[in-house]
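The chain contents come next:
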Amino acid sequence: MDLRIFTEPQQGATYDTLLTVAKATEDLGFDAFFRSDHYLKMGDGDGLPGPTDAWITLAGLARETKRIRLGTLMTAATFRLPGVLAIQVAQVDQMSGGRVELGLGAGWFEEEHQAYGIPFPKEKFPRLEEQLAIVTGLWATEPGQTFDFHGEHYELTKSPALPKPAQQRIPVLIGGHGATRTPRLAARYADEFNMPFASPEDSEAQFGRVRAAAQEAGRPADAITYSNALVVCVGKDDQEVARRAAAIGREVDELKANGLAGTPAEVVDKIGRYAAAGSTRIYLQVLDLDDLDHLELISAQVQSQLS
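Rules of the game
- Residues numbered from 1 in each chain as written.
- Predicted model: local features only at pLDDT ≥ 70, side-chain atom pairs only at ≥ 80, totals over all residues.
- Heavy atoms only, no water.
- Helix = DSSP H or I, 4+ residues; strand = E, 2+ residues; numbered from the N terminus.
- Contact = heavy atoms within 4.5 Å.
- Areas by Shrake-Rupley, 256 points an atom, 1.4 Å probe, with all protein chains shown as cover.
- Lys, Arg positive; Asp, Glu negative; His and termini not counted.
- Charge placed at Lys NZ, Arg CZ, Asp CG, Glu CD.
- Expected span 1.5 Å × (residues − 1).
- Buried < 20%, exposed > 50% of the residue type's maximum accessible area, 1.4 Å probe, protein only.
- Arc of directions from axis to C-beta.
- Core = buried A, V, L, I, M, F, W, Y, C linked by side-chain atoms within 4.5 Å.
- 1 Å grid on protein atoms, 1.4 Å probe; cavity = no way out; pocket = protein on both sides within 12 Å on 5 of 7 lines; lining within 4 Å.
- Points joined across faces, edges and corners; volume = space filled by probe spheres on them.
- Nonpolar A, V, L, I, M, F, W, Y, C, P; charged D, E, K, R; others polar.
- Pairing = 2+ DSSP bridges.
- Phe/Tyr/Trp six-rings, centres within 6.5 Å; stacked < 30°, edge-to-face > 60°.
- Lys NZ or Arg CZ within 6 Å of the ring centre and 35° of its normal.

(A) View of the overall build of the chain. Across its full length, the chain carries eleven helices and twelve strands. Relative to all contacts within the chain whose residues are 6 or more apart in sequence, the contacts with residues 24 or more apart total 73%. Taken as a whole, the chain presents about 13,600 Å² of accessible surface, with 49% of it coming from carbon and sulfur. Computing the positive centroid from 30 side-chain charges and the negative centroid from 43, the chain places the two 5 Å apart.

(B) The arrangement of helix α10 (residues 264-277) in detail. End to end, α10 covers 20 Å across 14 residues, agreeing with the expected 20 Å (1.5 Å per residue, within 8%). The set of residues buried in α10 consists of P264, V267, V268, K270, I271, Y274 and A277. End-on view of α10: buried residues confined to an arc of 165 degrees, all on one side of the axis. What points out from α10, more than 90 degrees from its buried face, is the exposed set A265, D269 and A276. Downstream of α10 by a residue or two, G278 has a phi angle that is positive, lying close to 115 degrees.

(C) Region of the structure containing the nonpolar core. Ranked by internal contacts, the top residues of the largest apolar core, which has 74 residues, are W55, W139, L260 and L284. Looking at this core, the element that brings in the most residues is helix α5 (residues 125-140), giving eight residues.

(D) Spotlight on empty space enclosed by the protein. The final tally for this structure, using the stated rule, is one cavity of 30 Å³ or more. Size it by volume and the largest cavity reaches roughly 70 Å³. Lining the largest cavity, in full, are V232, C233, R244, A247, I248, V286, L287, D288, D291 and H294. Elements supplying a minimum of two residues to the lining of the largest cavity: β10 (225-234) and α8 (238-247). Grouping the constituent residues of the lining of the largest cavity by class yields six nonpolar, one polar and three charged.

(E) Representation of the layout of surface pockets in the model. As a volume, the second largest pocket reaches approximately 200 Å³. Lining the second largest pocket we find 13 residues, and of these T136, W139, A140, Q168 and R169 sit closest to its centre. The dominant element in the lining of the second largest pocket, judged by the number of residues it contributes, is α5, at three residues. Taken together, the residues that form the lining of the second largest pocket break down as six nonpolar, four polar and three charged.

(F) Main features of unusual backbone geometry. The omega torsion of the bond from L73 to M74 falls at -25 degrees, within 30 degrees of zero and hence cis. On the secondary structure map, M74 appears in the loop between β3 (69-72) and β4 (75-76). You will see that A161, though not glycine, has its phi angle at about 55 degrees, which is positive. The residue A161 is located in the loop between β7 (155-159) and β8 (172-175) in this model. A positive phi angle is found at F197, which is not glycine, with a value near 50 degrees. Following the sequence through the fold, F197 ends up in the loop between β9 (192-196) and α7 (200-216). Take F197: its relative accessible area is 41%, and that puts it in the partly exposed class.

(G) Quick look at the pairing of strand β12 (residues 281-286). Buried residues dominate β12, accounting for six of its six residues. Across the two faces of β12 the burial is the same, with R281, Y283 and Q285 and I282, L284 and V286 all buried. Relative to β12, strand β1 (residues 2-7) is paired through six bridges, and the arrangement is parallel. Looking across to β12, one finds that T7 is bridged to V286. In this sheet, β12 lies alongside β10 in parallel orientation, the contact comprising five bridges. Each residue of the ladder has a partner; that of V231, found in β12, is Q285.

(H) Inspection of the packing of aromatic side chains at higher detail. If you walk through the whole model with that rule in mind, you get six aromatic pairs. With a centroid separation of 6.4 Å and 90 degrees between ring planes, the pair formed by F193 and F207 is classed as edge-to-face. Here F193, found in strand β9, pairs with F207, found in helix α7; they are 14 residues apart in sequence, far enough to count as distant. In this structure, F193 and F207 share a single accessibility class: buried. Taken together, the ring pairs connect Y39, F79 and Y116 into an aromatic cluster. In this structure, R181 is placed above the aromatic ring of F125, and the distance from its NZ or CZ to the ring centre is 4.2 Å.

These figures come from the coordinates and say nothing about function on their own.
Next comes the structure, spelled out in structure tokens:
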């Protein structure tokens, strides 16, 4: 089971804070550092000092880290034109020496679009599908060849399809709870399917839908990595768990029901339930980015038992 650190910096974090967490992620032996792609806080809190851009952040981290994978859960297709996104991600991949992964979703948070003047189209899923075709098509075009695309939402004519990523293929992550269109899209484009904030039972059912869609598309179901994203709150004892839950404004019982919370033994046991459901990778949603002792505890007493 791979453990990756997943952050939500729109809730309030500077680049320096994210750099500190990313370096701790690398030093403590975690597999990757991922971040959300949002421009507006959610829920309580003031969100200060304001948002950081996902791909600018990852470009900086690409030069400041050496081993960990870097990526997004999920970049919103509404935020960037697909040709521009392909250039940005390929460049960050070059800057990192080939350690980037792209999570791409349709976009859903209408308020942040209104807050920053970003169009929020009614039909988002068809745009996502075209973006996936364009981004992966640009990267796959052989040097010296051109790429054309004529869709309902985007048109590309004689694109040189440059620059190329450092990796032969940048892994693409697709996720979500949709029962029909999402599995079909994952079967066609995804290297990894991520089930966010769901129970082991719901995860197993959705993984099954993706596996079936892959087989229908003539693709081996095991060619796709299956993963989960879950909030994490670990303490050496009940008192420490309660303290960490209070720090992020959550209740212990709710965290235990909906995430990975409790003592290291409790969390390892629950991770085992996700492994039994077919998950081989978990993104640990860390909400208190100043609590590096939390990461050290997870590394020493959770991750060590999963190696």
